[in-house]
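# Structural description and commentary
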Amino acid sequence: MQAAIDAAHMRGVRVTTHAYATSAIADAVLDEKTAIEMARRGTFLSPTLMVYQPPRSDARTAAAAASGAPQMSDRAIRLAIRHGVRIAFGTDVGVGWPHGSNAREFPLLVAAGLTPMQAIAAATTSAAESLGLANEVGRIAPGRVADLVALEADPLADVAALQRVDFVMKSGRIARRDGRMLPAER
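Note that this is a predicted model, so its numbers are computed, not measured. (Residues numbered from 1 in each chain as written. Predicted model: local features only at pLDDT ≥ 70, side-chain atom pairs only at ≥ 80, totals over all residues. Heavy atoms only, no water.)

### Details of the overall build of the protein chain
As a reminder, the rule being used: Numbering of helices and strands starts at the N terminus; helices are DSSP runs of H or I of at least 4 residues and strands are runs of E of at least 2. Working definition: with a 1.4 Å probe on protein chains only, accessible area under 20% of the residue-type maximum means buried, over 50% means exposed, and in between means partly exposed. By the convention used here, residues are in contact when the closest approach between their heavy atoms is within 4.5 Å. For every accessible area listed, the method is Shrake-Rupley and the probe measures 1.4 Å; residues are considered covered only by the protein chains on display.
Regarding its fold elements, the protein chain presents eight helices and six strands. Helices and strands appear in the protein chain in the N-to-C order α-α-α-β-α-α-β-α-α-α-β-β-β-β. Here the protein chain holds 186 residues, and the buried ones make up 31% of them. Within the protein chain, residue pairs in contact and separated by at least 24 positions form 58% of the contacts whose partners lie at least 6 positions apart. As presented, the protein chain carries roughly 11500 Å² of accessible surface, and 55% of it is formed by carbon and sulfur atoms.

### Re the nonpolar core
Basically, it comes down to this: Buried Ala, Val, Leu, Ile, Met, Phe, Trp, Tyr and Cys residues that are joined via side-chain atoms within 4.5 Å together make up what is termed a nonpolar core.
Leu-30, Leu-45, Ile-87, Phe-106 and Leu-109 are the most contacted members of the largest nonpolar core, which has 26 residues in total. The set of elements that each furnish at least two residues to this core consists of helix H3 (32-41), helix H5 (69-82), helix H6 (105-112) and helix H7 (116-123). Residue contacts for Leu-30: discarding those within four places in its chain leaves Ala-35, Met-38, Leu-45, Arg-75, Ala-76, Leu-79 and Ala-80.

### Details of the confidence of the model for the protein chain
For clarity, the cut-off: As a per-residue measure, pLDDT tells how confident the predictor is, with possible values from 0 to 100.
Considering every residue of the protein chain, the mean pLDDT works out to 84; 85% of them sit at 70 or more. H7 holds the highest mean pLDDT among the elements of the protein chain, 97, whereas helix H2 (residues 22-27) holds the lowest, 58.

### Details of H6
To keep things clear, this is the line we draw: Taking the helix axis as origin, the arc is that swept by the directions to the C-beta atoms.
Every buried residue belonging to H6 is among Glu-105, Phe-106, Leu-108, Leu-109 and Ala-112, and all of these are buried. Seen from one end, H6 has its buried residues packed into an arc of 165 degrees, which puts them on one side. Note on H6: the residue one or two positions beyond its end, Gly-113, has a positive phi of about 130 degrees.

### Details of the packing of H6 against H7
Note the following rule: Fitted lines through C-alpha atoms serve as axes, helices being fitted only where they are in contact, and the angles separating the N-to-C directions of these axes extend from 0 to 180 degrees. For classification, angles of less than 35 degrees are called roughly parallel, those exceeding 145 degrees roughly antiparallel, those between 65 and 115 degrees roughly perpendicular, and all remaining angles oblique. Each crossing is labelled by how the near helix is turned from the far one, with a counterclockwise turn of less than a right angle marking it left-handed and a clockwise turn marking it right-handed. Charged means Asp, Glu, Lys or Arg here, nonpolar means Ala, Val, Leu, Ile, Met, Phe, Trp, Tyr, Cys or Pro, and polar covers whatever is left, Gly included.
One way to put it is that H6 packs onto H7 with a least axis distance of 9 Å and a crossing angle of 130 degrees. In terms of axis orientation, H6 runs oblique to H7. You can see that H6 and H7 cross each other, and the crossing is right-handed. Note on element contacts: H7 touches H6 through Pro-116, Ala-119, Ile-120 and Ala-123, opposite Phe-106, Leu-109 and Val-110. Each residue belonging to the contact of H6 with H7 can be placed in one class, and the counts come to seven nonpolar, no polar and no charged.

### Brief notes about the pattern of salt bridges
Worth spelling out the cut-off: Throughout this description, the term salt bridge denotes a Lys or Arg side-chain nitrogen within 4 Å of a carboxyl oxygen of Asp or Glu.
Under the defined criterion, the tally for this structure stands at six salt bridges. Arg-78 serves as the salt-bridge partner of Asp-74, at 3.1 Å between the closest nitrogen and oxygen. In this pair, Asp-74 and Arg-78 both sit in helix H5, four residues apart, roughly one turn of the helix. Overall, the relative accessible area of 30% leaves Asp-74 in the partly exposed class.

### Quick look at the sheet that holds strand S3 (residues 148-150)
Filter applied, for reference: At least two bridges found by DSSP between two strands is the condition for calling them paired.
The four strands are arranged S3-S4-S5-S6 in an open sheet whose pairing can be described as antiparallel. On the outer flanks of this sheet lie S3 and strand S6 (180-181), each paired with one strand and no other. The pairing of S3 with strand S4 (residues 167-170) spans three bridges and is classified as antiparallel. When the bridges of S4 are listed, Val-149 appears paired with Val-168.

Rendered as structure tokens:
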């Protein structure tokens, strides 16, 4: 893993690792020393907590649960939060959960120790920064892509309200209104 990271960094390329199985998590282990170093370097952690709570169990998620991976993941995010590691929203949707259910990650992030505003920032500004897209997306500002959502409830009072989006604007075009998807504009 180190050789691949070194080669990518020599070329100015960002690197990420996907740790799901116990052996992969062990390869990318997050201990106290690592969390401190990640915070110092501005490294992002994308915990993808939903993957361990799928709507239905399959052999892969059952094996991960039996291995202790969910507990290691929970410990890792709490350690990361405590040491100020930057959190970028991620869900692994498509592994157990259907696409479109990403917002179920918000309450899990809050349960792990983020405030609702920090969880929202993880999905917007931090995610954009982690991908090197902070000058294009992640904030409401002139010159940025107009991706917006609106809800009836206050997500700072109940972060789970983000699972009930009433309005979506994607790239400046309305994609959902009153909770219903609109036909694609031509």
